[in-house]
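One letter stands for each residue in the lines below.
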Amino acid sequence: MRLTVDGVSRAFGGVYAVRDVSLTVEPGELRAVIGPNGAGKSTLFALIGGQLAPDTGSVALDGEPVERLPAHRRAARGVGIVFQAARTFHGMTALENVMVGAHATTRSGFLSAALRLPGHHREERHIRHRALACLDRTGLAAWAHRPAEELPLGQQRALQLARALCGEPRLLLLDEPASGLRAAEREHLATLIAGLRAEGRTILLVEHDVAFVMRLADRITVLDLGRVIAEGAPAEVRADPRVIAAYLGPTAENSEIKTDPAMVRPPAPRSGDRGVHP
Ligand SMILES: Nc1ncnc2c1ncn2[C@@H]1O[C@H](COP(=O)(O)OP(=O)(O)OP(=O)(O)O)[C@@H](O)[C@H]1O
């Protein structure tokens, strides 16, 4: 699926969170969107996923405008989302959590399940089968029948991914999937995402941690103060002086990003630079 974001802006309280952002993610591409705190990454993510509507500009999936569609209608068109905060349904097993992800794409959905209409059992068996395959795909097969809330954070993140995959998305949106994970869990997640990319899925990965995306992304878009300040292959972006300045401050003497920028305090917001919504 091709994602096209064209001239999108969104302001809160008169201040732009995202300003005139355009980007195109080609089918099968893994695009990372990075930027320091407050750069507008989460806002852009929500504008693509459908949790927010833009003030101006358009979002299109395979050329079809969707910027006015709510999130569930974008999901039905093949958008799968993994949010940063774990949204696990407590009191349900890992398998049941993943099965929920398939209902966005089934013909009969929740109503048929509730009324136990004919065909429901067949469909339920099919979904269960698919959910088990997604758990297996994400390394969670052994957890299938355990209560979801018992899973450690790394596995909870993988569970969100399994749930999104169960909806068979053609565009996968990942919001800071590595945040809060330990090194070994990050490594596991990176391998998992690389595997999904190798399957030819279109992926948009919003991430604070530059080191995490450098070896995963085909291309990287860098946001700062709501605007795109750089875009290109990881090596180009890493060497871009505007990116170094945004992450390390304009006085940084480094010629490339050597430290983990997630650990570096960004410069204080320059509110005049962000722009005020008229
Ligand atoms: N719902 C909101 N109401 C008011 N201001 C908001 C809202 N959402 C975001 N903002 C503001 O918009 C700007 C961009 O925020 P956003 O969360 O999109 O950045 P971010 O790059 O995701 O940051 P972080 O890495 O800290 O999550 C910030 O100045 C933020 O305070």
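Residues numbered from 1 in each chain as written. Predicted model: local features only at pLDDT ≥ 70, side-chain atom pairs only at ≥ 80, totals over all residues.

Trainee: Even after reading the chapter, I still don't get the environment of Met92, so can you show me in this structure?
Mentor: Positionally, Met92 belongs in the loop between β6 (79–82) and α3 (94–100). The exposure class assigned to Met92 is partly exposed, which follows from the 15 C-beta atoms found within 10 Å. Along the sequence, Met92 and Pro147 sit 55 residues apart, while their C-alpha atoms lie 5.7 Å from each other. Aside from chain neighbours lying at most four places away, what touches Met92 is Asn97 and Ala148. (Helix = DSSP H or I, 4+ residues; strand = E, 2+ residues; numbered from the N terminus. Buried ≥ 20, exposed ≤ 12 C-beta atoms within 10 Å, placed from the backbone. Contact = placed C-beta atoms within 7 Å.)

Trainee: I'm lost on unusual backbone geometry in this one. Help?
Mentor: Most peptide bonds take the trans form, and the phi angle of most residues other than glycine is negative. Look at Asp62: it is not a glycine, yet its phi comes out positive at around 50°. Within the fold, Asp62 resides in the loop between β4 (56–61) and β5 (64–65). Accessibility expressed as a C-beta count within 10 Å gives 15 for Asp62, which makes it partly exposed.

Trainee: Got a minute to help me understand the nonpolar core in this structure?
Mentor: Generally speaking, nonpolar side chains in soluble globular proteins are found buried as a group. In this structure, Val98, Ala162 and Leu205 are the most contacted members of the largest nonpolar core, which totals 73 residues. It is helix α6 (residues 153–166) that provides the largest number of residues to this core, a total of 7 residues. When we break this core down by domain, the ones giving at least three residues each are domain 1 (1–78 + 170–251) and domain 2 (88–168). Excluding anything up to four places from it in sequence, Ala162 contacts Val98, Cys134, Leu135, Arg137, Thr138 and Leu140. (Core = buried A, V, L, I, M, F, W, Y, C linked by C-beta atoms within 7 Å. Domains from an automatic or database assignment.)

Trainee: Would you mind showing me how to read the confidence of the model for the chain here?
Mentor: Where the model shows low pLDDT, its predicted coordinates should not be examined in detail. In this model, the chain carries an average pLDDT of 85, and 82% of its residues clear a pLDDT of 70 or more. Predicted confidence is poor over residues 251–268, with pLDDT under 50, and the contacts of this stretch with residues over four places away or in other chains come to 24 contacts. Interface confidence for the predicted complex, expressed as ipTM, amounts to 0.96; the pTM equals 0.85. (pLDDT = per-residue confidence, 0-100.)

Trainee: Looking at this model, I keep getting lost on the sheet that holds β6. Mind explaining?
Mentor: Pairing between sheet strands relies on hydrogen bonds along the backbone, with the strands arranged either parallel or antiparallel. Taking strand neighbours across the sheet as the criterion, the 6 strands line up as β6-β7-β8-β3-β9-β10 in an open arrangement whose pairing is mixed. Two strands bound the open sheet, and with one partner strand each, they are β6 and β10 (227–232). Pairwise comparison of adjacent strand axes, ignoring direction, gives a mean angle of 15° for this sheet. In this sheet, strand β8 (residues 202–206) lies alongside strand β3 (residues 30–34) in parallel orientation, the contact comprising 4 bridges. Among the inter-strand pairings, Arg31 is bridged to a residue of β8, identified as Leu204. (Pairing = 2+ DSSP bridges. Axes fitted to C-alpha atoms, helices over the stretch in contact; angles between N-to-C directions.)

Trainee: How should I be thinking about the sheet that holds β4 in this particular structure?
Mentor: The antiparallel open sheet is built from 4 strands, whose spatial order is β2-β1-β4-β5. If you trace the sheet from one side to the other, it starts and ends with β2 (15–25) and β5, each paired once. Sheet analysis places strand β1 (residues 3–12) next to β4, joined by 5 bridges and oriented antiparallel. In the strand pairing of β4, Asp6 is matched with Ser58.

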